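# Structure assessment
The chain contents come next:
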2 protein chains.
Amino acid sequence: MRDTTTARAEELRIDAPHRELLDQVLDKWSLSVLNELCERPCRFNELRRAVPAVTQKSLTATLRRLERNGIIERHVVATRPVAVEYRITRLGKTLRAPVDALLEWADTYLPQIEHARKAFDAETE
Amino acid sequence: MRDTTTARAEELRIDAPHRELLDQVLDKWSLSVLNELCERPCRFNELRRAVPAVTQKSLTATLRRLERNGIIERHVVATRPVAVEYRITRLGKTLRAPVDALLEWADTYLPQIEHARKAFDAETE
DNA sequence: CAGTATCCCCGCTGATACTG
DNA sequence: CAGTATCAGCGGGGATACTG
């Protein structure tokens, strides 16, 4: 029997399902969308405005993927015209802490990394 | 003047440089490579064996990218034939904690997420 | 308003072959 | 051993146009 807790302390497993999950949850637009929905529920076009660079198609795909994974919920309000509200789920909220940790890491070390890139590019030229 | 500390507590910024950095550091093979190199320094072919699904070309690309970002170091030992050892840097080690948090999240919630997927696929059919 | 439907491109990936 | 070189395929992503 494998003791995953102990194993993880030494070496983290990264198999296909884990990799796929991270791909779906951390892809190009997901973080920006999650970021907005952590603040408040949003309508489709609100999200478009909040993330100006995303196209309709990609935003739709991102929202569907996050919904499928149980990270966000889609609520249709049958007004005229129809209104659709997206909300983060309880499951989705659990993502906040690890993603924040990652973004803080990026924020903290970006300067050092940009410095490393310049050094690398200079000596590679 | 912007107070990034306060701002981050409410809403994390995800701009292009941050997004690019995460893409480079979290891409398809990087986590597996980092995982190995956190354990011990590795040679090129050791890494290939440790990550069987990766091709030479992709492994080379991954290593170069990580090296360029200052996450790993490349040491050439001028033996015959040549030996090349890859090691994690101090900067690279700072990635460990946030990435671990993410992998633990994936490990913890993967069952719930697979359940959500099935539910979604069932009612979408 | 909140999407679909097409078309198209290009960039990543893998497969394969070759080399200092 | 540790790569580089080349080619081919396909899938994501954007641009654009249309719709209940």
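Residues numbered from 1 in each chain as written. Chains lettered and ligands numbered in written order. Predicted model: local features only at pLDDT ≥ 70, side-chain atom pairs only at ≥ 80, totals over all residues. Heavy atoms only, no water.

## Topic: the protein's contact with DNA strand C
Let me state the cut-off plainly: Nearness is defined per residue: one heavy atom within 4 Å of the molecule or strand is enough. Under the rule applied, a polar contact is a pair of N or O atoms within 3.5 Å (in protein, one hydrogen donor and one hydrogen acceptor; residues adjacent in sequence only if both atoms are side-chain atoms).
Neighbouring residues of DNA strand C: 18 residues in total, closest Arg 43, Gln 56, Arg 74 and Tyr 86 of chain A together with Lys 57 of chain B. Each atom of DNA strand C within 4 Å of the protein was classed as base or backbone; sugar and phosphate made up 64%. Gln 56 of chain A places a polar side-chain atom, nitrogen or oxygen, 2.7 Å from a base nitrogen of DNA strand C. For DNA strand C, a phosphate oxygen lies 2.8 Å from a polar atom in the side chain of Ser 58 of chain B.

## Description of the environment of Asn 69 of chain B
Note the following rule: Where helices and strands are cited, they refer to DSSP runs of H or I of at least four residues and of E of at least two residues respectively, numbered from the N terminus. Exposure is judged per residue with a 1.4 Å probe applied to protein chains only, and the accessible area is read against the type maximum: over 50% gives exposed, under 20% gives buried, and values in between give partly exposed. Note on contacts: a residue pair is in contact if any heavy atoms of the two residues lie within 4.5 Å.
Its place among the elements puts Asn 69 of chain B in the loop between helix H5 (56–68) and strand E2 (72–77). The exposure class assigned to Asn 69 of chain B is buried, which follows from its relative accessible area of 1%. As a C-alpha pair, Asn 69 of chain B and Pro 81 of chain B span 12 residues in sequence and 28 Å in three-dimensional space. In this view, Asn 69 of chain B contacts Ile 113, Ala 116 and Arg 117 of chain A together with Leu 21, Gln 24 and Leu 91 of chain B; residues no more than four positions away in its chain are not counted. A distance of 2.7 Å separates polar atoms of two side chains, one belonging to Asn 69 of chain B and the other to Gln 24 of chain B.

## Comments concerning the relation of the copies chain B and chain A
A rotation about some axis, followed by a shift along it, carries one copy of the chain onto the other. How we decide: Superposition of the copies was done by least squares, using only C-alpha atoms of residues whose pLDDT is at least 70 in both.
You can overlay chain B on chain A at an RMSD of 0.0 Å; the transform is a turn of 180 degrees with a shift of 0.0 Å along its axis. Expressed as a symmetry operation, the mapping of one chain copy onto the other fits a two-fold axis. Residue Pro 98 of chain B, judged by its C-alpha, is the member of chain B lying nearest the rotation axis, at 3.3 Å. Comparing interface residues between copies, 100% of those in chain B also sit at the interface in chain A, which points to an isologous, same-surface contact.

## Considering the interface of chain B and chain A
What counts is decided by this rule: In short, buried area is how much 1.4 Å probe accessible area vanishes from two parts on joining, totalled over both. Any carboxyl oxygen of Asp or Glu within 4 Å of a side-chain nitrogen of Lys or Arg constitutes a salt bridge here. Side-chain classes follow a simple rule in which Ala, Val, Leu, Ile, Met, Phe, Trp, Tyr, Cys and Pro form the nonpolar group, Asp, Glu, Lys and Arg form the charged group, and the remainder, Gly included, forms the polar group.
Each partner contributes residues to the interface: chain B has 49 residues there, and chain A has 50 residues. Taken together, the two surfaces of chain B and chain A that pack against each other cover about 5000 Å², and 62% of this comes from carbon and sulfur. Counting across the chain B and chain A interface gives 4 salt bridges. Between Arg 117 of chain A and Glu 20 of chain B there is a salt bridge, with the nearest N and O atoms lying 3.7 Å from each other. Inspection of the chain B/chain A interface yields 14 residue pairs in polar contact (both at pLDDT 80 or more). Elements supplying a minimum of two residues to the side of chain B that touches chain A: helix H1 (4–10), helix H2 (16–25), helix H3 (30–39), H5 and helix H7 (96–124) of chain B. Taken together, the residues of the side of chain B that touches chain A break down into 23 nonpolar, 8 polar and 18 charged.

## Observations concerning the UniProt feature "domain: HTH hxlR-type" (unreviewed entry) in chain A
Selection rule: UniProt positions are given in the numbering used here, feature names are shortened, and annotations may be inferred rather than shown by experiment.
Per the UniProt record, "domain: HTH hxlR-type" (unreviewed entry) is found at residues 16–114 of chain A. Helix makes up 64% of residues 16–114 of chain A and strand 14%, whereas the separation of the span's terminal C-alpha atoms amounts to 31 Å.

## Some words on the side chain of Gln 24 of chain A
With respect to the element layout, Gln 24 of chain A can be found in helix H2 (residues 16–25). Among residues more than four places away in sequence, those in contact with Gln 24 of chain A are Ser 30, Arg 65, Leu 66, Arg 68 and Asn 69 of chain A together with Arg 117 of chain B.

## Structural notes on the pairing of strand E3 (residues 83–88) of chain B
Residues in a regular strand project their side chains so that they alternate between the two faces of the sheet. Residues and elements named next belong to chain B. To be explicit about the condition: The pairing criterion for strands is at least two bridges between them, as found by DSSP.
Where strand E1 (residues 42–43) and E3 come together, 2 bridges link them in antiparallel fashion. Directly across from Arg 43, in E3, lies its bridge partner Glu 85. The pairing of E2 with E3 spans 6 bridges and is antiparallel. Bridge pairing links Arg 74 to Tyr 86 in E3. Counting the residues between successive antiparallel strands, the hairpin from E2 to E3 contains 5 residues.

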